[in-house]
Each structure stands twice: as structure tokens, then as C-alpha cells.
Amino acid sequence: MTHAENGKPLRPHTAAPSEPTDHASRILDGLRTFGADYTDITNKFAAYLGLHSTDAAALVEILYAEDHGRPLSPTQLSTRLSLTTGATTNLLNRLERLGHIVRTREHADRRKVTVRTSQQIEEPAREFFGEFSAQLAELVSRYTPEQLAQFEEFLGGLHKILRGL
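This section reports on the structure supplied with the text. (Residues numbered from 1 in each chain as written. Predicted model: local features only at pLDDT ≥ 70, side-chain atom pairs only at ≥ 80, totals over all residues. Heavy atoms only, no water.)

Of note, the phi angle at S82 is positive, near 55 degrees, even though the residue is not glycine. You can see S82 is positioned in the loop between α4 (74-81) and α5 (85-97). (Helix = DSSP H or I, 4+ residues; strand = E, 2+ residues; numbered from the N terminus.)

This part takes up helix α6 (residues 119-140). Residue F129 marks the point of greatest curvature in α6, where the axis turns by about 50 degrees. I121, A125 and F129 are the residues of α6 that are buried. (Bend = angle between axes of the 7 residues up to and from the residue. Buried < 20%, exposed > 50% of the residue type's maximum accessible area, 1.4 Å probe, protein only.)

Following the criterion strictly, the structure yields 5 aromatic pairs and no others. Considering the side-chain rings of F34 and Y38, the 6.0 Å spacing of their centres and the 35 degrees angle between planes classify their relative orientation as tilted. With F34 and Y38 both in helix α2 (residues 19-49), this residue pair falls 4 residues apart, about one helical turn. Taking 5.1 Å as the distance between ring centres and 40 degrees as the angle between the ring planes, the aromatic pair formed by Y48 and F128 counts as tilted. (Phe/Tyr/Trp six-rings, centres within 6.5 Å; stacked < 30°, edge-to-face > 60°.)

Turning to the pattern of salt bridges, a few remarks are in order. All chains considered together, the criterion is met by 10 salt bridges. The shortest N-O distance in the salt bridge between E61 and R80 comes to 3.1 Å. Separated by 19 residues along the polypeptide, E61 in helix α3 (residues 53-67) and R80 in helix α4 bring together distant segments of the chain. Among the salt bridges present, the one from E96 reaches R103, with a minimum N-O distance of 2.9 Å. Classification of E96 by relative accessible area gives partly exposed; the value is 35%. The partly exposed category is assigned to R103, whose relative accessible area is 28%. One connected set of salt bridges, linked through shared partners, spans E66, E106 and R116. (Salt bridge = Lys/Arg side-chain N within 4 Å of Asp/Glu carboxyl O.)

By size, the foremost hydrophobic cluster in this structure holds 22 residues, and its most contacted members are F45, L59, L77, L91, L95 and I101. Among the elements of the structure, α2, α3, α4, α5 and α6 are those that each provide at least two residues to this core. Examining the composition of this core, we find that 7 residues originate from one element, α3, more than from any other. Every residue in contact with L77, bar those within four places of it in the chain, is listed here: A58, E61, I62, L72, T88, L91 and L92. (Core = buried A, V, L, I, M, F, W, Y, C linked by side-chain atoms within 4.5 Å. Contact = heavy atoms within 4.5 Å.)

See the structure below:
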């Protein structure tokens, strides 16, 4: 008999809800909602550019990395997108043919490739995400550096937990 057939919860609730559990539940609900919203905005960006959603997600990752001074290698992009190296190569070939990205050799080791967005895609991407960036900056400005550091620490801890499973 399956879980759906027997109607029993997967994880029985033996303890009364406590405040930390309530907080954890609300935080996870918020993070799930954010994840869905992030996927939705990436899909809208894909439609805006006339791309497949995975291709648009790749562009977002490449732009983000460039904005933070840490351009990606194809392997790093593959990891961020949870794609095989072969699928990532095909994705990069498509984006390169469309003129959205370029592959460069910027390292002393000329075998290492860096993926960068082209000038052609920068303006449409900045235009699409401009309002989001402005509103995010305003939201972040409402919090103290200490509060933001705590939030960053929390997210880092959550990332570590999830990667450890």
C-alpha cells in the first residue's frame, strides 16, 4: 500500500509545534515561493528573448557571474544548471550561434575557456532586469549590515545542509 493509499503522513508529527519549527516552516515556505518566482521570471526572460528556458537560465548565470567579477567556465555553468557537460556544450553552441555569448581563453593555461555574454545581449538583459535590480537594492537598504550578514549566514548554512544530503 502506498502513502497516498493509506493516508498516513510520511513523517508523523509527534511533538507540538514549537516556535523554531514554525519559523523554519515559514522560512522554507518563503524560499519555495522564491524558487517558483525565480523560475517564473527566468521563463519570462526566455520568452522575452525567444529562447528555451534553460538557455535563458544559462544567460542569467553568466550575467550574474560577470557582474560579480567571477566569469564562469563551461564546467562551472554545467554545475550551476545541473546539466551534463555534453548538454552544456550544446547549450553554449546554441547561444554562441545566436550571438548571445562568446567563449574566450583568458587564462595562462590556454585550454581553459571562459564564457561571457556578448554586447548584443547585455542591453536587453539589463532592460529586462532593471526594475528588479532597483527594487532589490531598495529592499536590501531597509536592513542593517548585521541583519544582512545573518541572513547570508543562514542561507549559507542551508546550502551546506542541502548539499550534504
